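Coordinates in review
Each chain is listed here by its residues.
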Amino acid sequence: MRRHSITAKMLTILSIIFPTAALALPQHDPVPGGIALVTVRSNNQVRFNQDPVMVLEQEGQYIAVLGIPLSVAPGEKYLDTPDGRVAFTVHHRDYKVQRLRIDDDRQVNPLPRDLERIAREREEMTQAFTHFSHPNTVETDFQLPVQGVVSSTFGLQRLLNDQPRAPHSGIDIAAPEGDIIIAPSPGMVLASGDYFFNGNTILLDHGQGLITMYCHLSSLEVGIGDRVVASQTIGKVGKTGRVTGPHLHWAVSLNNARVNPELFLRESLQPN
Ligand SMILES: [Zn+2]
């Protein structure tokens, strides 16, 4: 008991000496679909390909937290800042191929009338993913939104019924239907609805272009505009939309780039 109180006291002193020591940045993994942490001189107007980029302060330094789109080719890239361009290097990453069998052919080759809906929903998603808000703090230290087995990792090159499709832009966590999904960190509900591919979906805004998405839910427990705290229930696992079974598709976006959610977790996940 006494040892605990001494530890707590020491932590308090440490947090006074190092006020930013507790801030956990996501992992630096400068590959397509990864994150580049780049030291910059200003905390505003940092851009990548015109998109505003998150900047956090750590130990008196400004760190740009850039999401690197999966479509970016490896090589030297630049951030545009008020003090000029800042270079960083994107490295190569090999992502595995995954073959999936979808029984409902309409989910693989949508009907003409579905295409209109899909285009409208894609536009809605782009609007949400380019949203850039300025809350007082941005918490990038995430809890896992649901307990389960990772059935598909991030970045897999997908073949649906032998047809090439966009790479997997999130991770799939297999869990029983009805299991509770929690918010990984504080945020606000930016969008929610029933989408053609994603089924019942929630998007959370955590600030500075950090948006998380939860798909295929059986029920939504929050509505647009609701503020959520870390570990608050936001919905339940389901199998709505294009799925092979109940799971959570969890996507994380920074500056409109879908990045590997595992870079925001303290522990690495065990793929099955
Ligand atoms: Zn998925």
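Residues numbered from 1 in each chain as written. Predicted model: local features only at pLDDT ≥ 70, side-chain atom pairs only at ≥ 80, totals over all residues. Heavy atoms only, no water.

What follows deals with the coordination of the zinc ion. Looking at the zinc ion, the protein donor atoms are H168 (NE2), D172 (OD) and H249 (ND1), and they sit 1.9 to 2.1 Å from it. As a motif over one chain, the donors of the zinc ion read H-x3-D-x76-H. Taken as a pair, H168 in the loop between strand 11 (163-164) and strand 12 (171-174) and H249 in strand 20 (residues 247-254) lie far apart in primary sequence, 81 residues in all. (Donors = N, O, S within 2.8 Å, 3.2 Å for Na, K, Ca; no water. Helix = DSSP H or I, 4+ residues; strand = E, 2+ residues; numbered from the N terminus.)

Here we come to the domain arrangement of the protein chain. What the domain assignment reports for the protein chain is domain 1 (2-90) and domain 2 (97-264). Put simply, the middle of domain 1 and the middle of domain 2, counted by C-alpha atoms, are 24 Å apart. Contacts between the two partners involve 21 residues from domain 1 and, on the opposite side, 19 residues from domain 2. For the pair domain 1 and domain 2, the summed buried area comes to about 1,600 Å², and 66% of that belongs to carbon and sulfur atoms. Among the residues domain 1 hides against domain 2, the three largest losses belong to P52, M54 and L70. Together they make up 33% of the total. Taken together, the connections running from domain 1 to domain 2 amount to zero salt bridges. Counting across the interface, domain 1 meets domain 2 through five residue pairs in polar contact (both at pLDDT 80 or more). Those elements that place two or more of their residues in the side of domain 1 that touches domain 2 are strand 3 (51-52), strand 4 (54-58) and strand 5 (61-67). Tallied by class, the residues present in the side of domain 1 that touches domain 2 amount to 15 nonpolar, four polar and two charged. (Domains from an automatic or database assignment. Contact = heavy atoms within 4.5 Å. Buried area = accessible area lost by both parts, 1.4 Å probe. Salt bridge = Lys/Arg side-chain N within 4 Å of Asp/Glu carboxyl O. Polar contact = N/O pair within 3.5 Å; in protein donor to acceptor, adjacent residues only side chain to side chain. Nonpolar A, V, L, I, M, F, W, Y, C, P; charged D, E, K, R; others polar.)

A word on the layout of surface pockets. There is about 1,300 Å³ of room inside the largest pocket. Together, 43 residues line the largest pocket, and A166, S169, F197, N198 and R242 are the ones closest to its centre. Within the residue set of the lining of the largest pocket, elements represented by two or more residues are strand 8 (97-100), helix 2 (112-129), strand 9 (149-152), strand 10 (157-160), strand 12, strand 16 (210-217) and strand 20. Ranked by the residues each element gives to the lining of the largest pocket, the list is headed by helix 2, at eight residues. Across the lining of the largest pocket, the residue classes tally to 20 nonpolar, 16 polar and seven charged. Counting contributing residues, the lining of the largest pocket receives three or more from each of domain 1 (2-90) and domain 2 (97-264). (1 Å grid on protein atoms, 1.4 Å probe; cavity = no way out; pocket = protein on both sides within 12 Å on 5 of 7 lines; lining within 4 Å. Points joined across faces, edges and corners; volume = space filled by probe spheres on them.)

So, on to the pattern of salt bridges. Opposite charge on two side chains permits them to pair, given that their charged atoms come into close proximity. Counted by the stated rule, this structure contains eight salt bridges. For D29, the salt bridge goes to R93, with nearest N and O atoms at 2.9 Å. Placement of D29 in the loop between helix 1 (2-17) and strand 1 (35-40) and of R93 in the loop between strand 7 (84-90) and strand 8 is noted, with a sequence separation of 64 residues between them. By relative accessible area, which is 34% here, R93 ends up partly exposed. Salt-bridge contacts for E177 lead to K239; the nearest nitrogen and oxygen are separated by 3.2 Å. In this pair, E177 is assigned in the loop between strand 12 and strand 13 (180-182) and K239 in the loop between strand 19 (233-236) and strand 20, connecting sequence segments 62 residues apart. Among the ionic contacts, a cluster of salt bridges with common partners joins R99, R101 and D162. (Buried < 20%, exposed > 50% of the residue type's maximum accessible area, 1.4 Å probe, protein only.)

With 37 residues, the main nonpolar core has Y214, I234, W250 and F264 as its most contacted residues. Of all the secondary-structure elements, those providing two or more residues to this core are strand 4, strand 12, strand 15 (199-207), strand 16, strand 20 and strand 21 (257-259). Among the elements that take part in this core, strand 20 stands out by supplying four residues, more than any other. Lining this core are residues from two domains, each supplying at least three of them: domain 1 (2-90) and domain 2 (97-264). In this structure, I234 is in contact with I181, I182, A183, I202, L204, Y214, L220, E221, V222 and V228, ignoring residues within four places of it in sequence. The next biggest cluster of nonpolar side chains, apart from the first, holds 14 residues, and it includes V38, F48, V55 and I68. (Core = buried A, V, L, I, M, F, W, Y, C linked by side-chain atoms within 4.5 Å.)

On to the side chain of T212, then. Residue placement: T212 occurs in strand 16. We classify T212 as buried; its relative accessible area is 0%. Side-chain polar atoms of T212 contact the side chain of H206, separated by 2.8 Å. Within the local environment of T212, its side chain forms a polar contact with the side chain of Y214, the two groups lying 2.7 Å apart. Excluding anything up to four places from it in sequence, T212 contacts F142, I202, L203, L204, H206, W250, A251 and V252.

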